[in-house]
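Letter by letter, the chains look like this.
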Amino acid sequence: MSLFKARDWWSTVLGEKEEFDQGCLCVADVDNSGQDKIIVGSYMGYLRIFNPHPVKPGDEVQAEDLLLEVQLREPILQVEVGKFVSGTEGLHLAVLHCRRLCVYAVSETLGNVEHGNQYQIKLMYEHQLQRTACNMTYGPFGGVKGRDLICIQSMDGMLMLFEQESYAFGRFLPGFLLPGPLTYSSRTDSFITVSSSRQVESYKYQVLAFATDADGRQETVQQKLSSGKKLVVDWILNIGEQALDICIVSFNQAVSSVFVLGERSLFCLKDNGQIRFMKKLDYSPSCFIPYCSVKEGTINTLVGNHSKMLYVYQDITLKWATQLPHVPVSVKVANLQGLKGVIVTLSDSGHLQCSYLGTDPSLFQAPRVDSKEINYEEFNAEMKELQKIIKEATKTQDILPQSEKHRDLIVTAEVSPDLDVESQAIDSEIKAEVVPSVTVKVTMQSKVTAQKPYLAVCVQAPLAVTCDQFTFNDLDPGSSETVVLSVFLKGNFPPSELEGNCVFSCNTPTELNPEGIPKFAQCKFKLPLRLVCFPAQPSKSANHKLTIDTNKPPISFLTIFPDFADPSEDDQANALGFQFLSGSKITLLASKTSQRYRIQSDQLEDLWLITKELTLRLEEHFKKQNCKDFACTFSGSVPLQEYFELIDRHFELRLNAEKFQELLSERAIQFRAIERRLLTRFKDKTPAPLQHLDTLLEGTFREVIALADAAEENQANMFQAFTKLKSATHLVIMLIGLWQKLNADQVAIMEAAFLPLAEDTQELGWEETVDSAISFLLRTCLSKSSKEQALSLSSQLSMPKDTSRLKKNISLFCDRLAKGGRLSLSTETATQQATGVPGGCATIPESDLEERAVVPGSTAVFSHHKHTAKQKSNPAIYRNRHGNYLQEVHVMEVAVCERFV
C-alpha cells in the first residue's frame with residue numbers, strides 16, 4: 001500500500017447500477033473546440049460527455065460539467081474519436097454497439113439565456129453489423145491521408161473494415177477461438193492482436209486486403225484461384241499468458257513500440273515482434289496506458305491493479321505508486337482546463353475521477369513551544385515503567401496460555417449416546433433394511449462480534465453427514481448457535497476411523513480492520529462403534545488372528561461392551577461377535593487362564609476398529625478404577641505379508657487407472673479425428689459417400705463411454721482399497737507401538753510416515769510418499785552407519801514401477817526397530833549423526849543377521865524377541881530362519897488356541 005493517495009481534482013459517480021469496461025472511456029476534443037472532453041459510454045446505453053472544472057474539497061460537481069447525456073437504447077461496447085466522416089477533417093464520435101456502428105457529430109449551440117450553451121449529437125451514418133461485435137480500432141489504414149478507417153473484430157473472429165460511410169471487406173483470422181485486444185500500428189500499417197493461443201500476432205493491411213474474402217465463400221474454384229490468397233500472419237510472439245490490452249506508442253518517427261499488458265507481465269515489443277523489455281508484475285493488473293516521458297529514449301506507463309493501486313513505470317523502473325479510491329478498468333491521460341497530465345480513471349461501477357500525483361503542501365506551522373527545564377529523574381522513571389510494560393508484553397510464555405484462557409470462539413460437538421430411532425441415512429449404498437445413524441449436536445459460542453460465521457463438518461468417507469456446511473447471520477458478543485445433524489455409513493465398506501471434525505470460522509472486526517480478521521476454532525468428535533457394526537454370533541475359525549497381552553486380569557465383555565453384549569447370555573462374557581454392515585464378521589475372545597485377548601477375522605483390515613475399541617475401553621475401565629499401571633503389549637508377529645497384499649492390490653488399481661487414462665486419451669483423439677472428417681464431408685457441396693465413418697464414430701463413442709464407466713468403477717475400487725489400506729496401516733502402527741513399547745511421540749512419527757495423505761491421487765500416491773518418508777527415517781534416526789546418512793534422497797516423487805522397494809524398506813524398518821532402533825527427530829539425534837554415530841541406534845547388537853537380506857514374504861523375522869544368551873545358544877532357530885522358525889511359531893499358535901478353548 002502506498003503512503004500517497006491520488007489527489008482528487010474532480011470526480012463523480014455515473015448513474016445507478018450501471019456497468020462499464022475497458023472501452024467505455026475516451027478522452028479527446030470531440031467537439032473540435034481545442035479542449036479535451038471526457039466521453040463515457042455504459043452497458044446500459046447511456047452516453048455522457050464531461051468538461052470537468054476543478055472543485056474544492058467537500059463541494060459538489062457543478063451541473064455545467066455534464067455537457068451531454070443521452071440514452072442510445074443499446075449497450076455501448078466502445079467509444080472512439082477520429083476523422084470518420086468523408087469530406088471533412090473534423091473529429092467525430094464512433095459508438096460501437098453489439099450489432100451496430102454509429103458515427104455522430106457533437107456540436108455546441110450558443111445559449112441565449114443564463115443556462116449557458118447546449119450540446120447535441122447528430123447521427124452522420126451507421127452500419128448494421130451481420131456479426132456480433134467485440135471491439136474496434138481505427139487509423140489511416142493503407143496510408144490514407146486526412147481520414148481514419150474503422151476495423152471491428154467480431155466474436156467469431158472476423159475483421160470487418162469500413163471506409164467511413166461504406167463497407168470495405170471482411171476477413172477471418174486463422175485459428176481463431178476467442179477474441180482478444182486489437183490495435184492498429186500506422187508505422188507498419190498492420191493490425192496487432194493477441195489470440196487465445198497466448199500469442200501476439202501481426203497482420204499487414206495489404207495482406208488482409210488481398211486475402212480471400214470472408215463473405216465470398218460461395219464462389220467457384222476458378223474465382224478462388226484468381227481473386228485472393230490465404231491470410232498469412234506477419235509475425236508471431238508467444239507471451240505465455242492472456243493479454244488484457246494492447247497499445248501502440250509512437251511519439252516520434254524514430255521510436256515505435258508495441259505495449260502488451262498480460263495477466264502477470266508488461267511487454268514492450270519492437271515493430272518486428274522482438275521483445276524490447278518486459279516487466280514481471282507481482283500483482284493482478286486491470287488496465288494501463290503508456291504516455292510520453294520527459295527523459296529521452298524512455299516511455300512512461302500507468303498500470304492500475306485490482307488492489308486500488310496505480311503504478312508509474314519508466315520503462316521497467318517503478319517511479320511512483322499511489323492509492324486510488326476504486327479499482328480502475330480504464331485509465332487515460334488528459335489536458336483539462338490548461339492542466340496537463342490529468343489522470344482519468346473509470347471503475348466498473350461508474351466511479352469517474354480526475355486526479356493528479358504528488359502531495360498537497362502543508363500550510364500548518366507548528367506553534368512555538370515554551371521552553372522549560374527538563375526533569376531527568378521523572379523521565380527516567382517513566383522510561384523504566386515503559387520498558388517494564390514492553391518486557392511483560394513480549395514474553396513468549398505468556399502468549400499461548402493467554403489465548404487458550406481467553407478464546408473468542410468455542411465450538412463443541414456432542415454425540416448422542418443412542419442411535420437415531422428413525423434413521424436419517426440418505427442415498428446409502430448398503431443393502432440393508434435400516435442403515436443406522438447417530439445425531440451430533442454442534443454448538444458455537446462467540447465472545448466477540450462474528451461476521452460471516454461458517455461451520456463445516458467433516459467425516460472420512462465412506463461415512464457421510466446429512467448436511468456438512470452451515471452459514472449463519474452475524475453473531476453478537478456472548479451469543480451462540482446450535483445445529484443438529486446426523487452421521488451414517490454411506491459406502492458398502494467399513495471406514496478407517498470413527499472420528500469427525502468441526503471447523504467454525506468467521507471474521508472479527510477491529511478498529512484498524514473493520515472488514516474483520518479471519519478466526520477459526522475446531523473440535524473433534526468420536527462416533528460410536530454401533531454406527532458401523534452390530535452384535536453377531538462369535539466365529540470359531542478365521543484367517544487372521546491377533547493376540548493382545550495385558551498386565552491385568554481379563555475383564556468380562558459384559559462390562560466393557562455393554563452396548564454389544566447381552567447380560568442374559570453368560571457365554572458372551574469371554575466371547576463376543578461383531579458384524580460390519582458390509583457383511584464381514586469379527587470375533588473377540590478373552591482368555592480364562594491368561595491375561596490375553598484375541599481378535600480374529602477373515603480380513604486383516606477389519607481387525608483395526610475392534611482392536612482400537614478394545615484398547616480404548618480397557619484403558620477407560622482401568623482409569624475409572626484409578627489403576628495407573630495398566631498396559632497393553634503385543635508379542636506375536638506383525639502381519640506384514642497380508643499387509644503387503646493390500647499394498648499390491650492398491651497399487652494394481654493405480655496402474656489400471658493409468659491404463660484407462662491412456663486408453664481414454666487415445667479414443668478421444670480418434671473420436672475427434674473422425675468428427676473432423678465427417679464435418680469436412682458434410683460441408684462439401686458435392687455429396688460424397690461417408691465410407692462407414694458414421695459407423696466408426698458410433699463405435700468409437702461406445703468405446704469412450706465403456707472406458708469412462710470402467711475408469712469410474714476402477715476409481716471407486718481404488719478408493720475402497722485405499723480405505724482398507726489405511727485401516728491395515730493403522731493396525732500395523734498400533735501393533736508395532738505395542739510390540740516395541742513406543743511412546744506417543746514415536747507413534748506420531750510412525751503415523752506421519754505411514755499415513756501422510758488424507759486422499760490418494762494419481763499425481764501423488766500413497767506408495768511413493770510412504771517410501772520417501774521411510775527412506776528418510778532409515779537414513780537418519782534408524783541408520784546403521786554414516787555411509788547411509790550420506791546418501792541423498794530424491795527431491796521429486798513419482799509413481800514407482802512396482803512395490804518391491806517399498807516392501808523392502810518397510811521390512812527393514814521393522815528389523816531396525818526390533819534391534820533397538822529409536823524413532824527420533826530431535827536435534828540431539830542430528831548431533832549424534834554429525835559425529836559419525838548412528839542416531840538412536842547405539843543399542844543395536846552386531847551379529848551376522850545384520851547384513852542378511854530380508855525376505856519380504858517372511859513375517860516371522862519381526863517377532864518380538866529378546867536376544868538373550870540362551871536363545872543364541874540354540875542354533876535351530878537362526879539356522880533355518882525362514883523354515884523351522886515358522887513351524888515353531890505355528891506350534892505356539894496351536895498352543896495358544898488350546899488355552900483359549
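First things first, this report covers the structure right here in the doc. Treat the numbers as computed from the prediction; the structure is a model and nothing was measured.

## Focus on the sheet that holds strand β34 (residues 480–489)
The strands making up a sheet associate through backbone hydrogen bonding, with each pair oriented either parallel or antiparallel. With antiparallel pairing, the four strands of this open sheet are ordered in space as β29-β30-β34-β32. Single-partner strands in this sheet number two, and they are β29 (409–419) and β32 (463–465). Neighbouring strand axes in the sheet, compared pairwise and without regard to direction, differ in orientation by 25° on average. Pairing of strand β30 (residues 437–446) with β34 involves nine bridges; the strand directions are antiparallel. Each bridged residue has a counterpart across the sheet, and for Ser 437 the counterpart in β34 is Phe 488.

## What about the pairing of strand β2 (residues 25–28)?
Of the two faces of β2, the one lined by Leu 25 and Val 27 and the one lined by Cys 26 and Ala 28 are each fully buried. Two strands pair when backbone bridges link them, and β2 and strand β3 (residues 37–41) are joined in this way by four bridges, in the antiparallel orientation. By the bridge assignment for β3, Leu 25 is matched with Val 40.

## What to know about the packing of aromatic side chains
The tally for this structure, following the rule as stated, stands at 22 aromatic pairs. Ring centres of Phe 191 and Tyr 205 lie 6.4 Å apart, and the angle between their planes is 50°; on these two criteria the pair is classed as tilted. Of this pair, Phe 191 sits in strand β15 (residues 190–194) while Tyr 205 sits in helix α1 (residues 205–210), and the two are 14 residues apart along the sequence. Note on Phe 191: relative accessible area 1%, which makes it buried.

## Examining the pattern of salt bridges
Going through the model one piece at a time under the given rule, you end up with 22 salt bridges. Across the salt bridge formed by Glu 69 and Arg 48, the nearest N and O atoms sit 3.1 Å from each other. Placement of Glu 69 in strand β5 (residues 66–71) and of Arg 48 in strand β4 (residues 46–50) is noted, with a sequence separation of 21 residues between them. Judged by relative accessible area, which is 4%, Arg 48 ranks as buried. When salt bridges with common partners are traced through the structure, they connect Lys 526, Asp 563, Glu 613 and Arg 617 into a single cluster.

## Some thoughts on unusual backbone geometry
The amide bond that connects Ala 461 to the next residue, Pro 462, takes the cis arrangement and shows omega of 15°. Looking at the element boundaries, Pro 462 is found in the loop between β31 (451–459) and β32. Despite not being glycine, Lys 17 shows a phi value in the positive range, around 55°. A positive phi angle, close to 55°, is found at Lys 741, a residue other than glycine.

## As for the sheet that holds strand β10 (residues 133–139)
Spatially, the four strands line up as an open sheet ordered β10-β11-β12-β13, and their pairing is antiparallel. The open sheet is flanked by β10 and β13 (166–172), the only strands paired with a single partner. Put simply, the sheet's adjacent strands are angled 20° from each other on average, direction ignored. Where strand β12 (residues 158–163) meets β13, six bridges bridge the pair, whose relative direction is antiparallel. Considered in β13, the bridge of Leu 159 is made with Arg 171.

Parameters and conventions
- Residues numbered from 1 in each chain as written.
- Predicted model: local features only at pLDDT ≥ 70, side-chain atom pairs only at ≥ 80, totals over all residues.
- Heavy atoms only, no water.
- Pairing = 2+ DSSP bridges.
- Helix = DSSP H or I, 4+ residues; strand = E, 2+ residues; numbered from the N terminus.
- Axes fitted to C-alpha atoms, helices over the stretch in contact; angles between N-to-C directions.
- Buried < 20%, exposed > 50% of the residue type's maximum accessible area, 1.4 Å probe, protein only.
- Phe/Tyr/Trp six-rings, centres within 6.5 Å; stacked < 30°, edge-to-face > 60°.
- Salt bridge = Lys/Arg side-chain N within 4 Å of Asp/Glu carboxyl O.

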